[in-house]
Amino acid sequence: MSMLRRTRRVLLAIAVIAGLQPVALAHAGPPPTEPAASAAAAADVAGLADATAASAAVPAAAVQAGTDDVDAATAVADARVSADVLMDSYDQQKAWFASSWWNSAVALQTIGDYMARTGDRRYLAELDHSFETNKGPFPAGERSTDEIYGNFTSRAIDDSGWWGLNWVTAYDLTGDEKYLDMAVTIGEFMNEFWDTSTCGGGIWWNEERTYKNAVTNGQWVRLTAELHNRLPGDTLWLDRSQEAWDWYVGSGMINADGLVNDGLRDDCSSNEDTVWTYNQGLGIGAALELWRATGDPELLDTAKYLADSALESDVLVKDGVLTEWCEAAGRSCDDNQKQFKGIFQRYLMELADATGEPAYTQFVADQAASVWANDRDVAGRLGLRWAGGTAEQPNVFDWRTQASALSALIADVPREQPRRTLSAAASPAVVAVMPSPGAATRVGLEVDVAATSARPEALPVTVRTTGPRGWKVTADPTLRLHPSGHADPARATVPVDVRIPAGAADGSYPVSVTVTARSGLTYTARAEVLVAAVVDFAAGSPEEIPWLFDAGGSGFSGGGSRYADGESAFVYRFPFPAGTTSAQATLTIDNQYVVEVSPDGESWTTVLAEDEQIRDGSNRADHTLDLTEHLGADKAAYIRVSDAFPADGWGGGVYHVSAAYETS
């Protein structure tokens, strides 16, 4: 989608937004223009929450008719496809995203933002599953390196804050009081670490009380204001929020350039440490929510000042694209920092909604356009570098970067629901074939087509396939979907047959399927077919994707391994060519692994297992597996890696894989 088309859609949304009912966010509308009494303000927002809870029970189409804006429909479709990719990494057994505690809270809140913005309600069950599964205590190493005390709290006070903010979002979506009650419980836990004896106030970052920083105090202002805005008749949380805000703006963490430094020194002066996007975003979000509570225009002015300072800064924005300090040459972003930019976009989206300022809406549109054009691979993964990677600074992809960049796409979805949407995604998006010499090869793909409509209707969809010259790519040319609202998209699976001519050279070849429907809707699913005679890849690299048959809730460690812990497992598939008489694979693997092989991906034989509870990688070694007796009728072989000791929170990690074969 061109930048011009995105810009036109955003400006149109601004022009009409004032007369629309917000979708699913209790605080989506601005407060009265004059400051209101806090009890009245709380009652107003509580009324919106009641309306939200009622509307969540029916499709969003019942709430508003929507428009036929094609660009708006495409923005929703982009977000839907990307949200589905994120949820592919959701671990159903542990009900989180392996293996990061606070990052999981932020990713779940991002999915909540997606549902609120689009009307899609498919992932409410996962939010509730995460709540019910993880609300109890866990020993250190099970969900975090820290012990989890229960109620999503731990020694890391900011980790607790992220969970509190997530459960407020869940409450806004569902109206279920248990989520709000949990947010209150987390708020009371955090309040124990408000301390006026050091630096005159502020929340400590950790239980040891060693650091007062921007993230924890930005969270605290935001959470306390959110609780006030959802608890009728409240004064306690409002008092806490106003006290915390006064301390926050007076702490010195906001520097002379309007940028938020990371925290305070022991002498209570600003440490002038790195300006991170999430600290800046939390400052915006904190001021905005407290403005909703009080109507104080100075708070809105401060939110705008912090946003303007960020957008005008070469510290946080490079060539118009939001960029983290750690993305610069010679640096790298850790698993925490991968998720910061999405938090900034969440709160900038709210500010753009509240003010309609063209600078904010344009920035939101620019980020989404750059992510979609430059930061997305063929598998639909969204990376760390929203402007795209380079040979010197390659992009990084995992579920954290997916959640972060998804927030950029969500921010570009207008609050007015489009009348219809249409999306398509290929599965697998990348597939490997190992053709027999001199013979044509055939491989199958599937394309998942999804549509929504404000009202029940039969929606004819046309399907068009394209592939490389000399290839034959075919699918049924038409299908019919029956969407009814936006809460649960209507879906159909389109089988795609790909015939690869004999003699195709090794390399990656693009295949695409374009679907079209009425109102000018069109969407293209992309796939790549890897023609390869050699298997040789590092875990986590782009070269791994074609061979990874099922990620299975696996994670990727900072040390460079794909790992499976607990009940998770991942599977590689090697489609050896017809005529293969013998095959073997070599895995570089460590820690607590079980390795199984299969001819069909269903019946498994254990060929390798670690019998000691090793956690330090000291058993890392190359192991060669003879696959000859485990080749299927189609000569494919499957390798599955899982955890030898699933109860202790560790698992087996694969670093490198290669395979070789012989043919008759």
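Here we summarise the structure given alongside this text. (Residues numbered from 1 in each chain as written. Predicted model: local features only at pLDDT ≥ 70, side-chain atom pairs only at ≥ 80, totals over all residues. Heavy atoms only, no water.)

## Some remarks on the nonpolar core
Using the following cut-off: Only buried residues count toward a nonpolar core, which is a set of Ala, Val, Leu, Ile, Met, Phe, Trp, Tyr and Cys residues joined through side-chain atoms within 4.5 Å. A simple rule labels every residue: compare its accessible area, found with a 1.4 Å probe on the protein chains alone, to the largest value its type can have, and call it buried under 20%, exposed over 50%, or partly exposed in between. Each helix is a run of DSSP H or I of at least 4 residues and each strand a run of E of at least 2, with the numbering of both proceeding from the N terminus.
Core analysis: the largest hydrophobic core is formed by 152 residues, its most contacted members being Trp162, Trp167, Leu348, Leu351, Val447 and Val449. Tallying contributions element by element places helix α4 (residues 101–118) first for this core, with 10 residues. Core analysis: the second largest hydrophobic core is formed by 30 residues, Ala539, Ala564, Ile589 and Tyr593 among them.

## With respect to the layout of surface pockets
Our working rule: Cavity means a closed set of points on a 1 Å grid over the protein atoms alone, one where a 1.4 Å probe fits but cannot get out, pocket means an open set with protein on both sides within 12 Å along at least 5 of 7 lines, and lining means a residue has an atom within 4 Å of a point. Grid points are joined across faces, edges and corners, and a volume is the space filled by probe spheres set on the points. Three classes are used, and their members are as follows: Ala, Val, Leu, Ile, Met, Phe, Trp, Tyr, Cys and Pro are nonpolar, Asp, Glu, Lys and Arg are charged, and the others, Gly among them, are polar.
Approximately 1,200 Å³ is the volume found for the second largest pocket. Residue lining of the second largest pocket: 46 residues in total, with Ser99, Ser100, Thr145, Asp335 and Asn336 positioned closest to the centre. Going through the elements one at a time, α4, α6 (157–174), β19 (562–565), β21 (580–591) and β26 (651–663) are the ones with two or more residues in the lining of the second largest pocket. Here the lining of the second largest pocket gets 4 residues from one element, more than from any other, and that element is β26. Across the lining of the second largest pocket, the residue classes tally to 14 nonpolar, 18 polar and 14 charged.

## Remarks on the packing of aromatic side chains
This is how it is decided: Between 30 and 60 degrees the pair is tilted, below 30 it is stacked and above 60 it is edge-to-face, where a pair is any two Phe, Tyr or Trp rings, Trp via its six-membered ring, whose centres lie within 6.5 Å.
Per the counting criterion, the structure on display carries 31 aromatic pairs. Ring geometry for Trp220 and Trp237: centres 6.1 Å apart, planes at 70°, overall edge-to-face. Residue Trp220 is located in helix α8 (residues 214–228), and its partner Trp237 is located in helix α9 (residues 236–250); the two are separated by 17 residues in the primary sequence. In this pair, the class of Trp220 matches that of Trp237, namely buried. Residues Tyr278 and Phe340 carry aromatic rings whose centres are separated by 3.7 Å and whose planes lie at 5° to one another, so their mutual orientation is stacked. Placement of the pair is Tyr278 in helix α10 (residues 277–294) and Phe340 in helix α12 (residues 340–355), with a sequence separation of 62 residues.

## Description of the state of the cysteines
Our working rule: Two cysteine sulfur atoms form a disulfide, by the criterion used here, when they sit within 2.5 Å.
In total, this model carries 2 disulfides according to the counting rule given. There is a disulfide in this structure between Cys199 and Cys268, and the S-S distance comes to 2.0 Å. In this structure the cystine formed by Cys199 and Cys268 twists about its S-S bond by roughly -85°; its chirality is therefore left-handed. Residue Cys199 is found in the loop between α7 (177–191) and α8, and its partner Cys268 is found in the loop between α9 and α10; the two are separated by 69 residues along the sequence.

## Side note on the side chain of Ser160
For clarity, the threshold we go by: Whether two residues are in contact is decided by their heavy atoms, any of which lying within 4.5 Å being enough.
Among the secondary structure elements, Ser160 is positioned in helix α6. Judged by relative accessible area, which is 0%, Ser160 ranks as buried. With sequence-adjacent residues up to four places away left out, Ser160 is seen in contact with Phe152, Thr153, Ser154, Ile186 and Phe189.

## What to know about the side chain of Ser309
Let me state the cut-off plainly: Here a polar contact is recorded for every N or O atom pair within 3.5 Å, except that within protein the pair must consist of a potential hydrogen donor and a potential acceptor, and residues adjacent in sequence are included only if both atoms are side-chain atoms.
Looking at where Ser309 falls in the secondary structure, it is placed in helix α11 (residues 297–311). Polar contacts involving the side chain of Ser309 include one to the main-chain carbonyl oxygen of Asp257, which spans 3.4 Å. Dropping the residues within four chain positions of it, Ser309 is found in contact with Asp257, Gly258, Leu259 and Gln280.

## Focus on the packing of α10 against α12
Put simply, the test is: All axes here are fitted lines through C-alpha atoms, helices being fitted over the stretch that makes contact, and every angle between N-to-C directions spans 0 to 180 degrees. Two helices cross in a left-handed way if the nearer one is turned anticlockwise from the farther one by less than a right angle. They cross in a right-handed way if the turn is clockwise.
Remark: α10 packs on α12, axes separated minimally by 8 Å, with the N-to-C direction vectors making an angle of 30°. The two elements α10 and α12 cross, and the hand of that crossing is left-handed. Contacts between α10 and α12 involve Thr277, Tyr278, Gln280, Gly281, Leu282, Ile284, Gly285, Leu288, Trp291 and Arg292 from the first element and Phe340, Lys341, Ile343, Phe344, Tyr347, Glu350, Leu351 and Ala354 from the second. Of the residues that constitute the contact of α10 with α12, the class distribution is 11 nonpolar, 4 polar and 3 charged.

## As for the sheet that holds strand β11 (residues 472–474)
Put simply, the test is: Two strands qualify as a pair provided that DSSP identifies no fewer than 2 bridges between them.
If you walk across this open sheet you meet the 4 strands as β7-β9-β13-β11, and the pairing is antiparallel. Unpaired on one side and paired on the other, β7 (420–427) and β11 mark the two borders of the sheet. Going across the sheet, the axis of each strand differs from the next one's by a mean of 25°, ignoring polarity. Across 12 bridges, the pairing between strand β9 (residues 441–453) and strand β13 (residues 485–500) is antiparallel. Note that in β13 the partner of Gly444 across the bridge is Asp497. Across the sheet, helix α3 (residues 70–87) lies against β7, β9 and β13, angled at about 35° from β7, the strand it touches most.

## Details of unusual backbone geometry
A cis amide bond links Ser427 with the next residue in sequence, Pro428, at an omega value of -10°. Structurally, the position occupied by Pro428 is in the loop between β7 and β8 (430–433). Phi at Ala95 takes a positive value of approximately 60°, unusual for a residue other than glycine. Counting through the fold element by element, Ala95 comes out in the loop between β1 (90–91) and β2 (96–97). Taking the relative accessible area as the measure of exposure, Ala95 reaches 0% and is therefore buried. Although it is not a glycine, Asp319 adopts a positive phi angle of roughly 50°. Turning to its location among the elements, Asp319 is positioned in the loop between β5 (317–318) and β6 (321–322).

## Brief notes about the sheet that holds strand β15 (residues 521–531)
Here 5 strands make up an open sheet; going across it, the order is β8-β15-β14-β10-β12 and the pairing mixed. The strands lining the two open edges of the sheet, one partner per strand, are β8 and β12 (478–481). Direction aside, neighbouring strands of the sheet carry axes that sit 25° apart on average. Relative to β12, strand β10 (residues 459–466) is paired through 4 bridges, and the arrangement is antiparallel. Across the sheet, Val461 pairs through a bridge with Leu479, a residue of β12.

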